[in-house]
Every structure is written in C-alpha cells, then in structure tokens.
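Next come the chains, spelled out residue by residue.
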Amino acid sequence: MSTPPGPGDAVDAFVERFAGDMAEAGMPRMPARVFAALLASEDGVLGSADLSARLRISPAAVSGAVRYLSQVGMIAREREPGTRRERYRVRNDQLYQAIANRDRILSRWEATLRTGVDAVGPATGAGERLIETVEFFTFMQQELAGMLERWQARQRQPGD
C-alpha cells in the first residue's frame, strides 16, 4: 500500500517555506523539512515511509533527519504498535520543551566559558570577551526561565 505524496499544494508550500526559514536560521535543511512536515501533519505523527513519500526523499535522508531531530529534542521516536517500525511524533509543546532543555546546555557553556576566562586571564582581550559572553549566557538563562514561566501561565488561562 502506498502513501499519497502529501496533503495538498498549500500545505506542501508551507512545509517548504517553514523548512527554508529554519534552514536560514541554521538548522540543517533535511531535518528542517522533516520537522515542518511533522508539524503540519494532522496528528503530528508520521512514519519513515510517510515522510519519504511526502517529502520525496530517500529513507536514508529521513533516517539522518530524525536522528538529528531526536538528538536535539525536537521530535520523539516511538514504535508503531504491533510492528518493529518506528514513527516520529512532534507534540504541541515540542518547541517549548526543546527551548526549556536549552537551559542545561547554556549552563554547561557558561561553566566552560568560565574555565576559559581562567585560562586566558580576565584582564586580557580574550578574557574580557569571554566574561561578556558568560554575562550574556547568565542573562539569557534568567530571561528564558521567566519567559517559559509566563508561557506556562498563559497556557493555563481559560479561553485563550
């Protein structure tokens, strides 16, 4: 049984445009296309064959894309019930979760940057640059935490 190539021209155009926007922002092109296709699918779940048919890409391209997306926390892998095949899911809050998980990465970068300051010396040009970068990451973490809290509060409000 074959899967139709996609849900329609308008949706296909959206997928390619959003994937292009994400690629322009630094995401690899194929993972961007797979993520956009999942995001635009009715229930947010597609299998490898579905993705391959919709995006007109090879199964190997799908495999590499979902590996990347899984590693960065943008999709979840799950088994199709009763089979050995995997399907890939994007939840409604997937981007929230991916951004929330960045706090861990920012903390690690901040700690590494602090060791860099010690290594090059705080009174050097490199040290001043690293100190400013540490301060920026500290600021980002504080702002990100507040922003995520405000988003959760907004989501809990009825009627929004």
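A quick note: this is a predicted structure, and the numbers were derived from the prediction, not measured.

Some words on the sheet that holds strand β3 (residues 86-89)
What the three strands build is an open sheet, ordered β1-β3-β2; its pairing is antiparallel. The open sheet terminates on both sides in strands that have one partner only, identified here as β1 (45-47) and β2 (76-79). Strand-to-strand twist across the sheet, computed as the mean angle between neighbouring axes with direction ignored, equals 35°. With three bridges connecting them, β1 and β3 associate as antiparallel partners. When the bridges of β3 are listed, V45 appears paired with R89. Contacts from helix α3 (residues 48-55) reach β1 and β3 within the one sheet, and its direction differs from that of β1 by about 90°.

Details of the side chain of S41
Considering the arrangement of structural elements, one finds S41 in the loop between α2 (29-40) and β1. Taking relative accessible area as the criterion, S41 reaches 6% and is therefore assigned buried. Here the side chain of S41 touches L38 through a polar contact of 2.8 Å, landing on its backbone oxygen. Sequence-distant contacts of S41, that is, excluding residues within four places in its chain, are made with L46 and R54.

Observations concerning the pattern of salt bridges
With the rule as written, the count across this model stands at seven salt bridges. R77 serves as the salt-bridge partner of E86, at 3.0 Å between the closest nitrogen and oxygen. Taking the relative accessible area as the measure of exposure, E86 reaches 24% and is therefore partly exposed. Relative accessible area serves as the criterion here: at 38%, R77 is assigned to the partly exposed category. As a salt-bridge pair, E78 and R87 come within 2.7 Å of each other at their nearest N and O atoms.

Considerations on helix α4 (residues 59-71)
Residues spaced three or four apart along an α-helix point in a common direction, a consequence of the helix completing one turn every 3.6 residues. An ideal rise of 1.5 Å per residue puts 18 Å on 13 residues; α4 measures up with 18 Å between its terminal C-alpha atoms. Buried within α4 we find V62, A65, V66 and L69. Projected down its long axis, α4 carries its buried residues within an arc of 95°, all on one side. In α4, the exposed positions angled more than 90 degrees off the buried face are occupied by A60 and Q71. Elements that come into contact with the buried residues of α4 comprise α2, α3, β2 and β3. Backbone geometry just downstream of α4 places G73 in the positive-phi region, at approximately 75°.

Some thoughts on the nonpolar core
In this structure, V34, L38 and L51 are the most contacted members of the largest nonpolar core, which totals 23 residues. Put simply, the parts of the chain that give this core at least two residues each are α1 (9-24), α2, α3 and α4. Examining the composition of this core, we find that six residues originate from one element, α2, more than from any other. Sequence-distant contacts of V34, defined by excluding residues within four places in its chain, comprise L51, L55, I57, A65, V66 and L69. If you look at the next biggest cluster of nonpolar residues, it comprises seven residues, including Y96, L106, L144 and L148.

Reading guide: rules and limits
- Residues numbered from 1 in each chain as written.
- Predicted model: local features only at pLDDT ≥ 70, side-chain atom pairs only at ≥ 80, totals over all residues.
- Heavy atoms only, no water.
- Pairing = 2+ DSSP bridges.
- Helix = DSSP H or I, 4+ residues; strand = E, 2+ residues; numbered from the N terminus.
- Axes fitted to C-alpha atoms, helices over the stretch in contact; angles between N-to-C directions.
- Contact = heavy atoms within 4.5 Å.
- Buried < 20%, exposed > 50% of the residue type's maximum accessible area, 1.4 Å probe, protein only.
- Polar contact = N/O pair within 3.5 Å; in protein donor to acceptor, adjacent residues only side chain to side chain.
- Salt bridge = Lys/Arg side-chain N within 4 Å of Asp/Glu carboxyl O.
- Expected span 1.5 Å × (residues − 1).
- Arc of directions from axis to C-beta.
- Core = buried A, V, L, I, M, F, W, Y, C linked by side-chain atoms within 4.5 Å.

Such coordinate-based values are descriptive only and should not be taken to indicate function.
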